[in-house]
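# Structure assessment
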Amino acid sequence: MAFFTLRLTEDDVVEMIDQRKLPLEISYVKLKSYEDVYGAIKNMIVRGAPAIGVSAAFGLYLGGKSLLNSSEAKYYEAFKEKFFKICDFMFSARPTAVNLGWAIERIKSLVIKDKGKTVTSIVQDIKTESLKIYDEDIEINKNMGHYGAELLKDGYTVLTHCNAGALATAGYGTALGVIRAAVENNKRISVIAGETRPFLQGARLTTWELMEDGIPVTLIADNSAGLLMRKGKINTVIVGADRIASNGDVANKIGTYQVAVLAHENNIPFYVAAPLSTIDLKLESGDEIPIEERDIDEVVNVFGTRIAPNGVEALNYAFDITPNKYVKAIITEKGVLYPPYKKSIAEAFGK
Ligand code: MRU
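This is a predicted model, so every value here is computed, not measured.

### Examining the overall build of the protein chain
For the protein chain, the count of helices and strands is 11 helices and 16 strands. Relative to its length of 351 residues, the protein chain is compact, with a C-alpha radius of gyration of 20 Å against a globular reference of 20 Å. Principal axes of the C-alpha set define a box for the protein chain whose edges measure 65 × 50 × 40 Å. For the protein chain, the exposed area adds up to about 15,300 Å²; of that, 51% sits on carbon and sulfur atoms. Once the 41 positive and 44 negative side-chain charges of the protein chain are each reduced to a mean point, those two points are 2 Å apart.

Given below as structure tokens:
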């Protein structure tokens, strides 16, 4: 792959491909503070649940490091108090993807465990942990690919929504990781990418990323999915997730629910590929998942050009909930989980 989604450089800069500009411009931003990383998550320079989690971990490292210059955070308790405030700030960047909170909690637990160590060594541990989260993410995606590829037959055409690829993770991808793994197993797979209004992750990112890898991809307007399903042009659907409740209800990019219902109506399997870190065991059902509402500017404009009348009312929910009854299986790094999800999810967590 000729690009990377994000990385922590040797001189402690977080570099990210600017996903607002792809594919027209391939450029990288350099983020030197935790505030910069927060801004990059909020403004969707980086997006996709796992990539948001990894970014937050790197951002917290920069935040921890910045405290080393403060005379007021020389000792553990003061450091912890200030660092946890940075964690709260980072957590507020985007509400739906549970991987954000998951990564932050992982770093916070480390700081709690490190009580008694010097502040300098705690910050070093945060760096090590953030790099571990990054490496693990790629490995998890490959494992997910290994299990998920079994579900795809040679010659299949797969519909996906949004971008759940290398660009949405530290690398390889979740839904697109499954497709990559099937292709690596010599299966001929082609992809249909829904454009994914309003941010156009499908049109801009999924198509670009798959074309970079030489995987055949066809772009459709979101509202074409039903017709193509009826025409028998889609064998299966695979999407990612931002949060999955313990009963298997799935929050993913707005429009996913429509695709799932259409797939059900047309007898097409609808799969969700997501790491266990996307599952929120605390939630009984999808009704409890917070849904991000973004600025309506994203809806009334396309790439800076106004397309709707001035003063029009608009709604911009970024995610929707797909009830578990539409989800044929959830592909995780521990294997493929089938309904009833309450049981299979609990088992995947060893409960
Ligand atoms: O708003 P986004 O682009 O962050 O939304 C991303 C999605 O909905 C993805 O499908 C999801 O995060 C899974 S990414 C592996």
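### So, the site of the ligand
The ligand sits among 19 residues. The nearest are R47, Q201, D242, N252 and K253. A49 has a polar backbone atom sitting 2.8 Å from an oxygen atom of the ligand. Separating an oxygen atom of the ligand from a side-chain N or O atom of K253 is a distance of 2.7 Å. Contact with the protein chains hides 100% of the accessible area of the ligand, taken as 410 Å² for the molecule alone. Going through the elements one at a time, α2 (49-67) and β9 (250-253) are the ones with two or more residues in the shell around the ligand.

### What to know about the sheet that holds strand β3 (residues 28-31)
Read across the sheet, three strands follow the order β1-β2-β3 without closing on themselves; strand pairing throughout is antiparallel. This sheet does not close on itself; its edge strands, each paired only once, are β1 (6-8) and β3. Across the sheet, the mean angle from the axis of one strand to that of its neighbour is 15°, orientation sign disregarded. One ladder, built from four bridges, connects strand β2 (residues 14-17) with β3; its direction is antiparallel. By the bridge assignment, M16 is partnered in β3 with V29. Its contacts with the sheet put α2 on β1, β2 and β3, and the angle it makes with β1 is roughly 25°.

### With respect to the domain arrangement of the protein chain
Taken domain by domain, the protein chain comprises domain 1 (6-141) and domain 2 (143-348). The gap between the C-alpha centroids of domain 1 and domain 2 is 26 Å. Each partner contributes residues to the interface: domain 1 has 30 residues there, and domain 2 has 36 residues. Roughly 2,700 Å² of surface becomes buried between domain 1 and domain 2 when both sides are summed, with 56% attributable to carbon and sulfur atoms. On the domain 1 side of the contact with domain 2, R47, T96 and N141 bury the most area, a combined 25% of that side's loss. Linking domain 1 with domain 2 are one salt bridge, by the criterion used here. In this structure, the salt-bridge partner of R94 is E292, at a minimum N-O distance of 2.8 Å. Our enumeration of links across domain 1 and domain 2 arrives at 24 residue pairs in polar contact (both at pLDDT 80 or more). Secondary structure elements with two or more residues in the side of domain 1 that touches domain 2: α2, α4 (98-113) and α5 (119-149). Top contributing element to the side of domain 1 that touches domain 2 by residue count: α5, with six residues.

### Here we look at the environment of K233
Relative to the assigned elements, K233 resides in the loop between α8 (225-230) and β7 (236-239). Each C-alpha atom, one on K233 and one on S121, is 56 Å from the other, the two residues being 112 residues apart in sequence. Setting aside chain neighbours within four positions, we find K233 in contact with T157, I192 and L228.

### A few points about the packing of helix α3 (residues 76-91) against α4
Contact geometry for α3 and α4: axes closest at 10 Å, N-to-C directions at 175°. When the axis of α3 is compared with that of α4, the two are roughly antiparallel. Counting all contacts with α3, which are made through Y76, F79, K80, F83, F84, C87, D88, M90 and F91, the residues of α4 involved are L100, G101, I104, I107, K108, V111 and I112.

### Some remarks on helix α6 (residues 175-184)
Extensive coverage of α6 is indicated by the burial of eight of its 10 residues. Directly after α6, the chain includes N186, whose backbone phi takes a positive value near 65°.

### Re the pattern of salt bridges
Should their charged atoms come close, side chains of opposite charge can pair. Summed over the entire model, instances satisfying the criterion amount to 24 salt bridges. A salt bridge links E15 to R7, with the nearest nitrogen and oxygen atoms 3.0 Å apart. Relative accessible area serves as the criterion here: at 8%, E15 is assigned to the buried category. On the accessibility criterion, R7 (36% relative accessible area) is partly exposed.

Conventions adopted
Residues numbered from 1 in each chain as written. Predicted model: local features only at pLDDT ≥ 70, side-chain atom pairs only at ≥ 80, totals over all residues. Heavy atoms only, no water. Helix = DSSP H or I, 4+ residues; strand = E, 2+ residues; numbered from the N terminus. Rg over C-alpha atoms; globule rule 2.2 N^0.38 Å. Areas by Shrake-Rupley, 256 points an atom, 1.4 Å probe, with all protein chains shown as cover. Lys, Arg positive; Asp, Glu negative; His and termini not counted. Charge placed at Lys NZ, Arg CZ, Asp CG, Glu CD. Near = heavy atom within 4 Å. Polar contact = N/O pair within 3.5 Å; in protein donor to acceptor, adjacent residues only side chain to side chain. Pairing = 2+ DSSP bridges. Axes fitted to C-alpha atoms, helices over the stretch in contact; angles between N-to-C directions. Contact = heavy atoms within 4.5 Å. Domains from an automatic or database assignment. Buried area = accessible area lost by both parts, 1.4 Å probe. Salt bridge = Lys/Arg side-chain N within 4 Å of Asp/Glu carboxyl O. Parallel < 35°, antiparallel > 145°, perpendicular 65-115°, else oblique. Buried < 20%, exposed > 50% of the residue type's maximum accessible area, 1.4 Å probe, protein only.

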